[in-house]
Amino acid sequence: MRTERRWASRLPPAVQDSLLPALLLLHVLIMWTPAELPVAAVLTAALALPLAWRRRAPLPVFGAVAIAAAIQWLVGIQLPADVALLVALYTVAASAERVTFVAVAVVELGAVLACLRWATDGAFLTPFAALTAMIVAATALGINHRTTRAYQEVMRDQAVAEERARITREMHDIVTHNLSVMVALADAAGYAQPEKATAAMRQVSETGRQALTDMRRSLGVLRPDAARHPLPGIAQLDTLATQMCAAGLPTELEIDGDHAHVPATAQLTVYRLVQEALTNTFKHTPAGTRAKVRIECAAEAVTVDVTDTGPPIPSAPHPGNGITGMHERSAAYGGTVQAGPLPDGGWRVHTRLVFGSAVSA
């Protein structure tokens, strides 16, 4: 049965909707006598053929099937094609919420009339209960399908929104950091000796290439040369510190513990948090400021601590996209970013990311 359902699901919707009408017509051609065949075939076609268009026009199809069923009742012929009413009712319930109960009432009225006309020996209640149960089942299945589809659409929209937010955070971190470094290096090259200016411009070029690689990776458009590079993580913090030193912010890096067991996504979060903190220090502190990055890797947690020696700040600056992005990244691992001035001057960014089984605890 599972194989048959998978096979049927691969068929185009129009073909799927044409299978039942074809089977009902084939049943009439095989089972009915030549004398009754013309009327039975015409009524079966009127009941079943509209189902081929039920996805595109559920209400008109339901109306056509209901009219055909009424004519069948007047003619006085019972047909297996009456199941088309249940299929049409299911389609209405799956697509049109407002008229679902109107359609239910129409089909229920048809069930009453059918039982009154064709129930044997006055046994009205039993067939009526059976038909009502089928009507309720078809309606419930249709409503469930509509609800599930609506839920999936909401989840899909939420996933799209989350992906857009992720890309926005990544682009902010990549562009802000790398452009800040490139501008500083370009300014320094204008006042440096020729050989130092050449080295600075070479660093500008390398920073630009790294920014392009990070952007392609974040957007999922990877070239073969970029695909060989892993996502930035704790191991790449040394390169980041060197880059900041070259730009004019002496940065000390200290990593305690083994980070090999830390998930790649958590390592990327650590890298972006440190990158954003150093970029803010680089942009908002005067020359001569020094920065220190300390990473502590435990069994199921990573602690990030970034401090600088900038001048005392009387009050915290207005939080921008960078601080907001740091809070969002940290919150994904149960952490809360603490960003503020130190008592003796400078600025500190601190958070603790939790992963593994410690998340449940």
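Residues numbered from 1 in each chain as written. Predicted model: local features only at pLDDT ≥ 70, side-chain atom pairs only at ≥ 80, totals over all residues. Heavy atoms only, no water.

As named in an unreviewed UniProt entry, the protein chain is histidine kinase, taken from Amycolatopsis dendrobii. Under the heading Catalytic activity (unreviewed entry), UniProt records this for the protein chain: "ATP + protein L-histidine = ADP + protein N-phospho-L-histidine." (UniProt positions renumbered as here; feature names shortened; annotations may be inferred.)

J.: Which parts of the structure should I look at to understand the overall build of the protein chain?
T.: Scanning the protein chain from terminus to terminus reveals twelve helices and five strands. By the burial criterion, 37% of the 361 residues in the protein chain qualify as buried. For the protein chain, the proportion of contacts with a sequence separation of at least 24, taken over those separated by at least 6, is 68%. Total accessible area computed for the protein chain in this model is approximately 20600 Å², and 63% of it derives from carbon and sulfur atoms. (Helix = DSSP H or I, 4+ residues; strand = E, 2+ residues; numbered from the N terminus. Buried < 20%, exposed > 50% of the residue type's maximum accessible area, 1.4 Å probe, protein only. Contact = heavy atoms within 4.5 Å. Areas by Shrake-Rupley, 256 points an atom, 1.4 Å probe, with all protein chains shown as cover.)

J.: When you look at the environment of Val 92 in this model, what are you seeing that I'm missing?
T.: Mapped onto the secondary structure, Val 92 falls in helix α5 (residues 83-95). Note on Val 92: relative accessible area 1%, which makes it buried. Separated by 54 residues in the primary sequence, Val 92 and Arg 146 place their C-alpha atoms 9.8 Å from one another. In contact with Val 92, not counting residues within four places along its chain, are Pro 58, Leu 59, Phe 62, Val 99, Thr 100 and Ala 103.

J.: I would appreciate a short explanation of the pattern of salt bridges in the present structure.
T.: Should the charged atoms of two oppositely charged side chains come close, the side chains can pair. Tallying each qualifying case throughout the model produces five salt bridges. As a salt-bridge pair, Glu 254 and Arg 294 come within 3.3 Å of each other at their nearest N and O atoms. Taken together, the residues span a long stretch of sequence, with Glu 254 in strand β1 (residues 251-256) and Arg 294 in strand β2 (residues 291-297) at a distance of 40 residues. For Glu 254, a relative accessible area of 25% translates into the label partly exposed. According to the relative accessible area criterion, Arg 294 is partly exposed, its value standing at 29%. The shortest N-O distance in the salt bridge between Arg 294 and Glu 296 comes to 1.9 Å. Since its relative accessible area comes to 33%, Glu 296 is described here as partly exposed. Connected via shared salt-bridge partners are Glu 254, Asp 256, Lys 292, Arg 294 and Glu 296. (Salt bridge = Lys/Arg side-chain N within 4 Å of Asp/Glu carboxyl O.)

J.: How do you make sense of the packing of aromatic side chains when you look at a structure like this?
T.: The geometry of an aromatic ring pair comes down to the distance between the two centres and the angle between the two planes. The tally for this structure, following the rule as stated, stands at one aromatic pair. Over the face of the ring belonging to Trp 73 we find Arg 117, whose NZ or CZ atom lies 5.1 Å from the ring centre. (Phe/Tyr/Trp six-rings, centres within 6.5 Å; stacked < 30°, edge-to-face > 60°. Lys NZ or Arg CZ within 6 Å of the ring centre and 35° of its normal.)

J.: Just to check I follow, could you spell out the layout of surface pockets for this structure?
T.: With a probe scaled to a water molecule rolled over the atoms, the places where space remains empty come into view. Volume-wise, the largest pocket comes out at about 640 Å³. Of all elements in the fold, only α4 (58-75), α5, α6 (100-118) and α7 (125-189) reach the threshold of two or more residues within the lining of the largest pocket. Among the elements that line the lining of the largest pocket, the one with the most residues is α6, at nine residues. Taken together, the residues of the lining of the largest pocket sort by class into 22 nonpolar, three polar and one charged. (1 Å grid on protein atoms, 1.4 Å probe; cavity = no way out; pocket = protein on both sides within 12 Å on 5 of 7 lines; lining within 4 Å. Points joined across faces, edges and corners; volume = space filled by probe spheres on them. Nonpolar A, V, L, I, M, F, W, Y, C, P; charged D, E, K, R; others polar.)

J.: How should I be thinking about the side chain of Arg 54 in this particular structure?
T.: Its location among the elements puts Arg 54 in the loop between α3 (37-48) and α4. Ignoring anything within four residues of it in the chain, the contact list for Arg 54 reads Asp 17, Val 61, Val 87, Tyr 90 and Thr 91.

J.: Is there a simple way to think about α5 in this case?
T.: Since the α-helix turns once every 3.6 residues, residues separated by three or four places project in the same direction. Relative to the 18 Å expected for 13 residues at 1.5 Å per residue, α5 spans 19 Å between its end C-alpha atoms, a close match to the ideal helical length. Here α5 has its buried residues at Ala 84, Leu 85, Leu 86, Val 87, Ala 88, Leu 89, Thr 91, Val 92, Ala 93 and Ala 94. (Expected span 1.5 Å × (residues − 1).)

J.: How should the UniProt feature "transmembrane region" (unreviewed entry) in the protein chain be read in this particular structure?
T.: Here the UniProt-annotated "transmembrane region" (unreviewed entry) positions come out as residues 64-92, 99-119 and 125-143. For residues 99-119, helix accounts for 90% and strand for 0%, while the C-alpha atoms at its two ends are 29 Å apart. As annotated, residues 125-143 comprises 100% helix and 0% strand, and the C-alpha atoms at either end are separated by 27 Å.

J.: Which parts of the structure should I look at to understand the sheet that holds β2?
T.: By way of backbone hydrogen bonds, the strands of a sheet pair with one another, either parallel or antiparallel. Strand order across the open sheet formed by five strands is β1-β2-β3-β5-β4, with mixed pairing between neighbours. At either margin of the open sheet sits one strand with a lone partner, and together these are β1 and β4 (338-341). Strand after strand, the sheet turns through a mean of 10 degrees between neighbouring axes, direction not considered. Bridge analysis of strand β3 (residues 301-308) against strand β5 (residues 347-354) gives seven bridges, and the strand direction is antiparallel. Among the inter-strand pairings, Val 306 is bridged to a residue of β5, identified as Val 349. This element, helix α11 (residues 264-284), spans β1, β2, β3 and β5 of the sheet and lies at about 10 degrees to β3. (Pairing = 2+ DSSP bridges. Axes fitted to C-alpha atoms, helices over the stretch in contact; angles between N-to-C directions.)

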